[in-house]
Amino acid sequence: MRDPLLDEIAGLFHSDAPPPALTPRPTGLEPMTPVDEPVRGPSHQLVFHLGTGRLHLQLDPGHLTGVLDDPGVSVEIHSPSAVQALRPDPEGWFRATVKPGPVCVTVPELGLTTGWFVA
């Protein structure tokens, strides 16, 4: 079975067309730093921090699940073609449907962003 992401990347090298441009990460937001933590299981997990705040993300095919230390603020999930605004539940959890490709998570009320990563 072939990996569709590898096929897409290979297609970029066999095309004369320039790759699609990513919009820059949202401006005016402080980049959060990725944390290198051990991961167990089939999911892809990411952790970001800035100061004492942490944002935990889990990527499963088609879904992004996260938990934010401050549940009272909204979260935005950016892709090159759309933005989803979400309000975490009282414990800070949120879930979004995402398409494979570049994704950026921002917390506008706190002025934070993860920068782009691949879902």
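A brief look at the structure comes next. In this text the structure is predicted, and so the values were computed from the model without any measurement.

**Here we look at the overall build of the protein chain**
At step 1: Across its full length, the protein chain carries one helix and ten strands.
At step 2: When its helices and strands are written in sequence order, the protein chain yields α-β-β-β-β-β-β-β-β-β-β.
At step 3: Looking at the 119 residues of the protein chain, the share that counts as buried comes to 31%.
At step 4: Expressed as a percentage of contacts within the protein chain between residues at least 6 apart in sequence, the contacts between residues at least 24 apart total 43%.

**Here's the deal with the nonpolar core**
One recurring pattern in soluble globular proteins: nonpolar side chains tend to sit buried together.
At step 1: Residues Leu55, Leu57, Leu64, Ile77, Phe94, Val105 and Phe117 are the most contacted members of the largest nonpolar core, which totals 19 residues.
At step 2: Every element with two or more residues in this core is listed here: β3 (44-50), β4 (53-60), β5 (63-68), β6 (75-78), β8 (93-97), β9 (102-107) and β10 (112-118).

**Things to note about the pairing of β5**
At step 1: Within β5, five of the six residues are buried, which leaves the element mostly enclosed by the surrounding structure.
At step 2: Note that β4 and β5 share six bridges and pair antiparallel. Looking at the pairing, Gln58 lines up with Thr65 of β5.
At step 3: Turn length for the β4-β5 hairpin, with the two strands adjacent in sequence and antiparallel, is two residues, and the turn residue Gly62 shows positive phi of about 85°.
At step 4: For β5 and β8, the ladder comprises five bridges, and the chain directions are antiparallel. In the sheet register, His63 faces β8, and the bridge partner there is Thr97.

**Considerations on the environment of His44**
At step 1: Tracing the backbone shows His44 in strand β3.
At step 2: Non-local contacts of His44, meaning those with residues more than four positions away in its chain, are made with Leu57, Gln58 and Leu59.

**Focus on a nonpolar patch on the surface**
At step 1: A cluster of nonpolar side chains, contributed by Leu5, Leu6, Ile9 and Val118, occupies part of the molecular surface with about 350 Å² of accessible area.
At step 2: Top contributing element to the nonpolar patch by residue count: helix α1 (residues 4-13), with three residues.

**Looking at the packing of aromatic side chains**
At step 1: Across all of its chains, the model carries one aromatic pair by this definition.
At step 2: Taken together, a centroid distance of 6.2 Å and an interplanar angle of 35° make the contact between Phe48 and Phe117 tilted. Separated by 69 residues along the polypeptide, Phe48 in strand β3 and Phe117 in strand β10 bring together distant segments of the chain.

**What about the environment of Gln84?**
At step 1: Turning to its location among the elements, Gln84 is positioned in strand β7 (residues 83-86).
At step 2: Looking at Gln84, the relative accessible area reads 29%, which means it is partly exposed.
At step 3: Those residues in contact with Gln84 that lie beyond four places of it in its chain are Val75, Glu76, Ile77, Ala96, Thr97 and Val98.
At step 4: Among the polar contacts made by the side chain of Gln84, one reaches the main-chain carbonyl oxygen of Thr97 at a distance of 2.8 Å.

Rules and cut-offs
Residues numbered from 1 in each chain as written. Predicted model: local features only at pLDDT ≥ 70, side-chain atom pairs only at ≥ 80, totals over all residues. Heavy atoms only, no water. Helix = DSSP H or I, 4+ residues; strand = E, 2+ residues; numbered from the N terminus. Buried < 20%, exposed > 50% of the residue type's maximum accessible area, 1.4 Å probe, protein only. Contact = heavy atoms within 4.5 Å. Core = buried A, V, L, I, M, F, W, Y, C linked by side-chain atoms within 4.5 Å. Pairing = 2+ DSSP bridges. Patch = residues over 30% accessible without salt bridge, like charges linked within 9 Å, V, L, I, M, F, W, Y side chains within 5 Å. Areas by Shrake-Rupley, 256 points an atom, 1.4 Å probe, with all protein chains shown as cover. Salt bridge = Lys/Arg side-chain N within 4 Å of Asp/Glu carboxyl O. Phe/Tyr/Trp six-rings, centres within 6.5 Å; stacked < 30°, edge-to-face > 60°. Polar contact = N/O pair within 3.5 Å; in protein donor to acceptor, adjacent residues only side chain to side chain.

Everything listed is a geometric property; what it means functionally is a separate question.
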